[in-house]
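# Structural overview
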Amino acid sequence: MTLNKLKPLALGLMLGMGLLAIGATNAQAAIASAEASGSVLRATLDNGLRVVIVHDSLAPMVTTQITYLAGGYQTPKGFPGTAHALEHMMFRDSKGMSGAQLNEMTGKMGGDNNAFTTNDATQYYFVAPAAYLDVLLHIEASRMRGAELAPKDWGLEKGAIEQEVSRDISDPGFLAFEKAEGILYAGTGYAADPLGTRPSFDKTTSATLQKFYNDWYQPNNAIFVIVGDVDPAATLKQVKQLFGGIAKGDVPAHTPVKLAPFKAQTISSTTPDATGAVQFLYRAPGMKSADAAAATVLMDVLNNARSPLSELAVQGKVLSADAQVQPFSYGGIGAIEAGFAKGADPKQAQADLDGVIRQVLKDGVSADLVEAAKRSEQAQFEFSKNSAVSQASAWSQALAWQGLNSPEEAEQQIQAVTVDDVNRVAREYLKADQRVTVVLTPDPNGKRPPNSNGFGGSESFGGDDKLDVPLPVWATDALAKLDMPHWTLDPTSMKLANGITLIVQPESVSKTVTVVGHVDHDDKLQEPSGQDGVGKLLTALFDYGTTSLDRNAFHKALDAIAASESGGTDFSLAVPSAHFDEGMQLLADNELHPALPQQAFDVQQKTLARTLAGELQSPRYKMMRALFKGLYPAADPALREATPQTVGKLTLADVKQYRDSAYRPDLTTIVVVGDVTPDQAKAAVEKYFGGWQAHGAKPDVIPKPVPLNPPSYEVVPNAYASQDEVLMGQTLGLDLHNPDRYALELGNDVLGGNGFASRLMVDIRVRHGFAYGAGSGMDFERSRSLFYVQYGSDPGKVAPVDELVMQNLKAMQDTAVTAPELTNARQYQIRSIPVQVSSVDRIARSLLSWSWHGEPLDQPMVAAKYYLNLTAGEVQAAFKKYLKPQHLAQVVQGPAPAKH
C-alpha cells in the first residue's frame with residue numbers, strides 16, 4: 001500500500017508528534033540513560049545496516065520494522081510506482097521462502113504483517129508474539145537480498161496492484177491531491193504520487209524491479225528497529241548472525257530537490273462523500289528541515305480547540321476545520337481544510353478559511369497556544385512508550401525520515417521552538433499566492449474519473465500458490481508446538497456504591513494514565529419516538545465545557561495539564577500521571593455537568609442536520625442502510641434513522657431530558673490503565689464521580705433477538721466507482737455467551753478471516769483472480785449476531801465471485817475442515833492473544849468491552865481453551881447449524897452492477 005492523501009502514516013508513524021526537526025540538541029543525556037539501563041541497544045553492522053533494539057515489557061510480543069530509504073522520490077523517471085510495485089513483490093517468493101510460506105508463517109505465529117511506501121522510504125513491519133522473533137529475523141534476512149522478482153510473479157502481482165490503484169483513482173479527493181502534488185513539486189521526485197499508474201505498471205518489467213531492488217535494497221541503505229519483550233544483547237547477536245554476512249552495495253546518491261515557481265490555482269471536483277471540503281495546500285518544510293519543528297507546533301496551534309480555525313466549526317460557520325501535513329523528508333504538503341454541507345456555498349467556506357490565515361499572518365499566533373502545543377508534544381512523546389509499535393515507529397521516523405539520532409532528539413527540538421519561530425514559518429509558507437486550493441463539492445450523481453476502470457481477471461493476478469506447504473526448516477520447530485500463551489493482565493475490579501464498575505490495571509511503561517469509560521445504552525431503543533438523533537446531538541455538545549467552565553476555560557484547563565479528553569456515552573482521558581487527579585476532575589465535570597448552552601445547541605443542531613442531509617444521499621450510507629433493511633424486520637429498532645427533519649424538531653430540553661434518562665452510574669464502566677494504583681484510581685473516581693446517582697428503573701439497553709432474515713439483493717449505484725463493492729450478510733441464531741461462537745470463529749478463520757491463508761482469498765484472488773481481496777467475518781453481541789462476506793471486483797466478476805462464495809460456504813457445511821487448516825486456525829487464534837493486548841490503549845479498551853458485554857476479564861484465555869479442544873466435526877456442525885447461505889442479504893455498490 002502507499003501512504004498519501006494526508007492520511008495518518010501507518011502504525012502511527014507520526015505518533016502525534018508531527019514533523020520534527022534536525023539539529024544539535026541536549027538529548028544525548030536521555031539517550032545515554034536509556035542505553036545505560038539496557039533498554040536500548042544500538043549498532044551499525046560492518047555492512048552498514050543500522051540496528052536499534054528496545055526492550056519493552058508491557059506484553060510478550062515484538063514488532064520489527066525494516067525501512068529501506070527508497071520510495072517514490074527514488075523511482076526512475078516515467079515509472080512512478082516502482083517502489084510500490086517492489087513492495088508488493090517482497091511478499092512473493094524469496095530464496096528459501098515462498099510467498100505462500102510467508103503467509104502461512106504469519107498466520108501460524110498469530111501475527112500481522114504489512115508494508116507501506118512513502119515518497120522517501122518503504123517499510124516492512126511485523127507484529128507477533130516475542131517467542132517467534134527468530135522466525136521474523138529469518139524472514140527479513142531472506143527478503144533483504146533474496147527476493148526473486150521472477151517475471152511470472154510480476155505478471156501475477158501486476159493485476160493485484162492495478163486493482164489497488166483502480167480503487168484509489170476512483171476517489172476524487174485522491175485525484176485532486178495527486179494533481180496538487182504535481183503542481184507544488186513539479187520537476188522533482190515528489191511530483192508523482194508513489195502509488196503509480198496503470199501505464200507505468202504496464203511498461204514495468206521484472207528487470208525494472210530488479211534494478212531498483214539492487215540499487216536501493218542494500219543493508220547500508222536500511223534501518224532495522226526491533227521493539228518488544230526481547231533481550232537486546234541476545235537479539236543483536238541473532239541479527240549479526242543472519243544479516244552480517246549480507247554484503248553492502250553501492251547506493252545511488254540522493255538527487256537534491258530543486259523547487260520551481262508555480263502559479264496559485266484552484267482544482268474543483270465533485271465527490272460522492274456526504275460533505276464537501278475546501279483545502280488550502282501549501283509547500284511545507286521537510287522532516288529534515290531546520291523549520292520542521294516550528295511547522296509541527298504551527299499545525300498543533302491551528303488544531304488547538306481554542307484556535308481561530310477550530311472556532312469556525314464551533315460557531316457553525318463550517319462543519320469541520322483542521323490542519324495537517326503530508327510529510328516528506330525534503331518537503332511536504334501542508335493542508336488547512338474546512339468542511340461544508342451538501343448544497344452550501346464553498347466560496348463562503350473558502351472566505352472563512354482565508355480570514356483565519358490572514359489573521360495568523362497579520363497578528364501572529366498565540367503564545368499561550370504555542371506553549372500548550374509544546375506541552376502536548378512532550379506528553380505525546382511519553383504516551384508513545386505505551387506501545388511497542390509506537391516506540392518502534394518513533395525510532396523509525398527519527399532515523400529514516402528525519403535523519404536524526406533518536407526520538408529524544410526530535411522532542412528536544414520541539415521544546416526549543418519559540419513563538420517567533422512559529423510566526424516566521426507561518427509567514428514564509430502560508431502565502432495565498434503560493435498554494436493550491438482544492439474544492440470538493442458533494443454530488444452523488446457525479447462522473448467516474450477517467451482511466452479508473454477495473455483491471456481484474458484471472459489472466460492478471462490469478463496464481464497457483466498453495467497453502468499448507470512445508471515450512472522452511474528455521475520455522476518448522478519454532479511453530480510446531482502450540483502452548484497456551486502467558487496471560488499478563490491482572491486487573492482489579494470493583495463495584496462502587498453508586499453502581500459504577502471500576503477496573504484498574506497498573507502498568508509502569510510510562511508516566512501516563514489512560515482512562516476509558518462506557519455508559520451502557522442503545523440510542524435506537526432509548527431515544528423517544530420522533531427524537532431520532534438526540535443522542536448524536538448530545539454527544540456533540542460535550543465539547544462546549546461544563547457548568548463551571550465555559551468552553552474556552554475548559555480546554556485551557558486541559559491544555560495546562562497536557563491532557564486529552566472526550567465526553568459522552570463513550571468517554572476518555574489521557575493524562576500524564578502527575579496530573580491524574582486534575583484530569584479526573586475535569587473528566588467528571590464534563591461528563592456529569594456538561595454546559596449544554598443554547599447557543600451551542602443551535603449551532604450543533606444545524607451542523608448535524610446539514611451533515612445528515614448529505615450523508616443520507618451518499619452511496620456508503622445507502623449501502624449500509626440497504627444491508628440493515630435486508631437483515632432486520634421492518635419495525636425493528638435497528639432501522640430507526642436520524643434525519644434532518646427529526647433533528648430539526650429537537651429542543652434543548654429534549655437533549656437534557658435524554659441525558660438525564662440515559663446517563664446512569666449503574667450502567668457505567670470505567671477502566672483505568674497506567675501509572676496508577678487501584679487505591680489511587682478508586683479514590684479519584686469516588687471523589688469526582690461518587691456523587692452521581694441513578695434515579696428510577698434501569699432502561700432496556702439490549703435489543704430483542706431477531707429471526708433469520710429472508711434472502712434479498714439490492715443495488716446501490718455509485719457513479720464514481722470503478723469497481724463493485726459487495727456485502728453479504730445474515731443474522732445468526734446465537735449470542736456471544738453461546739459457546740458455539742468459538743466453533744464459528746475458528747471455522748471463519750479457515751473460510752475468510754485469516755487474510756491470504758483463508759479459503760475465500762485463495763479461491764477468489766489467488767486461483768481465479770476475480771477480486772483484489774475477499775474475506776468474511778462474524779460479529780457476536782449480547783442478543784444478536786451477524787455473519788458477513790465482503791469483496792470488491794469488476795462488475796462483470798460479481799456473479800462468478802458470488803458462485804465461489806456459495807461453493808465455499810457449502811463446503812464448510814458439507815465437509816470437515818482439514819487437519820492442517822484446523823491447526824492453522826487454532827495457532828492463529830491462540831498465539832495472537834498477546835498481540836490483542838499489546839498496548840495500554842488496547843488493554844484499556846479490551847477490559848472495557850469485556851466488562852460491559854458481561855464477559856470475563858480474561859476472555860481471550862477462556863476462548864483459547866475452546867479453540868484448543870474443538871474438533872473439525874464440531875466446526876462443521878456449527879456451520880451447518882447456523883450458516884444459511886440461501887438466506888444471505890446482498891448489497892452491491894458500484895458503477896453498473898450486473899443483474900442478480
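My aim in this report is to walk through the structure given alongside it, one point at a time. Here the residue numbers are simple positions, counted from 1 along each chain's written sequence. In keeping with the model being predicted, local features are shown solely for residues with a pLDDT of at least 70 and side-chain atom pairs are shown and tallied solely at 80 or more, while totals for entire chains, interfaces and linings include all residues. Remark: hydrogens and water are excluded; side-chain values derive from all non-hydrogen atoms of the structure.

### A closer look at helix 6 (residues 172–184)
The condition that has to hold: Secondary structure elements follow DSSP: runs of H or I no shorter than four residues count as helices, runs of E no shorter than two count as strands, and numbering proceeds from the N terminus. A helix is expected to span 1.5 Å multiplied by its residue count minus one. Buried residues are those whose accessible area, probed at 1.4 Å on protein chains only, stays under 20% of the maximum for their type, while exposed residues exceed 50% and partly exposed ones sit between those limits. Contacts are assigned to residue pairs with any non-hydrogen atoms lying within 4.5 Å of each other. Distance and chemistry together define a polar contact, namely a pair of N or O atoms within 3.5 Å, with one atom able to donate a hydrogen and the other to accept it when in protein, and with adjacent residues in sequence counting only for side-chain atoms on both sides.
Counted at 1.5 Å a residue, the expected span for helix 6 with its 13 residues is 18 Å, and the 18 Å between its end C-alpha atoms agrees. Among the residues of helix 6, P172, F174, A176, F177, A180, E181, I183 and L184 are the ones counted as buried. The inward-facing, buried residues of helix 6 abut helix 5 (151–168), strand 7 (265–271), strand 8 (276–283), strand 9 (320–327), strand 10 (332–340) and strand 11 (435–442). Sitting at the head of helix 6, D171 places a side-chain oxygen 2.9 Å from the backbone nitrogen of G173.

### Quick look at the sheet that holds strand 6 (residues 222–228)
Sheet strands line up and pair through hydrogen bonds in the backbone, either parallel or antiparallel. What counts is decided by this rule: A pair of strands counts as paired when DSSP detects no fewer than two bridges linking them. Angles here are taken between N-to-C directions and fall from 0 to 180 degrees, while the axes themselves are lines fitted to C-alpha atoms, restricted in helices to the stretch in contact.
Taking strand neighbours across the sheet as the criterion, the six strands line up as 1-2-6-3-5-4 in an open arrangement whose pairing is mixed. One side of each edge strand has no neighbouring strand; the edge strands of this open sheet are strand 1 (40–44) and strand 4 (112–117). Strand after strand, the sheet turns through a mean of 10° between neighbouring axes, direction not considered. Here five bridges tie strand 1 to strand 2 (residues 50–55), and the two strands are oriented antiparallel to one another. Paired with V40 across the bridge in strand 2 is V54. Sheet strands touched by helix 2 (residues 82–89): strand 4 and strand 5 (122–129). Its angle to strand 4, the strand with the most contacts, is close to 165°. Docked against the sheet, helix 14 (residues 388–401) engages strand 1, strand 2, strand 3 (61–68), strand 4, strand 5 and strand 6, running at close to 20° with respect to strand 3.

### Thoughts on empty space enclosed by the protein
Applied cut-off: Think of a 1 Å grid over just the protein atoms. A cavity is a set of points where a 1.4 Å probe fits yet cannot get out, a pocket is an open set with protein on both sides within 12 Å along at least five of seven lines, and lining residues have an atom within 4 Å of a point. Grid points are joined across faces, edges and corners, and a volume is the space filled by probe spheres set on the points. Only Asp, Glu, Lys and Arg are considered charged in this grouping, and only Ala, Val, Leu, Ile, Met, Phe, Trp, Tyr, Cys and Pro are considered nonpolar; every other residue, Gly among them, is considered polar.
By the definition in use, this model includes two cavities of 30 Å³ or more. Volume-wise, the second largest cavity comes out at about 100 Å³. When contributions to the lining of the second largest cavity are tallied by element, the ones reaching two or more residues are strand 8, helix 10 (292–303), strand 10 and helix 16 (419–429). In terms of residue class, the lining of the second largest cavity is built from 13 nonpolar, one polar and one charged.

### Digging into the layout of surface pockets
Computed from the structure, the second largest pocket encloses a volume of approximately 410 Å³. Along the wall of the second largest pocket there are 21 residues; nearest its centre are Y73, T75, K77, T188 and G189. When its residues are assigned to classes, the lining of the second largest pocket shows nine nonpolar, nine polar and three charged.

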